Amino acid sequence: MTRIQYQECIDACIKCMDACNYSYVSSLKQYDLAALRESIQLDRECADMCSFAIQAMTRQSPFVVEILRLCADICERCADTSSRQSLAHCRDCIDACRSAAMACRLVSGVASVYA
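Conventions adopted
Residues numbered from 1 in each chain as written. Predicted model: local features only at pLDDT ≥ 70, side-chain atom pairs only at ≥ 80, totals over all residues. Heavy atoms only, no water. Core = buried A, V, L, I, M, F, W, Y, C linked by side-chain atoms within 4.5 Å. Buried < 20%, exposed > 50% of the residue type's maximum accessible area, 1.4 Å probe, protein only. Helix = DSSP H or I, 4+ residues; strand = E, 2+ residues; numbered from the N terminus. Contact = heavy atoms within 4.5 Å.

Caption draft 1: Just the nonpolar core, in detail. Membership of the largest hydrophobic core comes to 37 residues, with the highest contact counts inside it found for Cys13, Cys16, Cys46, Met57, Cys75 and Cys97. Elements with a minimum of two residues in this core: α1 (3–28), α2 (33–58), α3 (64–82) and α4 (88–114). When sequence neighbours within four positions are dropped, the list of residues in contact with Cys97 reads Cys16, Cys20, Cys46, Cys75, Cys78 and Ala79.

Given below as structure tokens:
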């Protein structure tokens, strides 16, 4: 696959990375950090993984299928964890994570055919 074929997934991962970074910073400003601990940790993990997935797609890594599948798993876990919170920035993060997970699963399925 080429970078152009990955573009929708790249865009979804960028949105997810941005939403997770925003959620991470916003969560750190809350009073009850203990209740947000897991969500904060997964926001960072998800943002980092999306960044790595974007890099893998743009350089056409031979491991892109595995990376995208892992990214999808982490995005889904982040969305599930964030769904326990009632904060507005968590809602944005949930939507972006679910979209990125779907895009990563779709592209990793298509990419495995080309591998």
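Caption draft 2: Structural detail: the side chain of Ser82. For Ser82, the position within the fold is in helix α3. Judged by its relative accessible area of 0%, Ser82 falls in the buried class. Not counting residues within four places of it along the chain, the set of residues in contact with Ser82 comprises Ser39, Asp43, Cys90, Cys93 and Ile94.

Shape descriptors only; they carry no functional weight alone.
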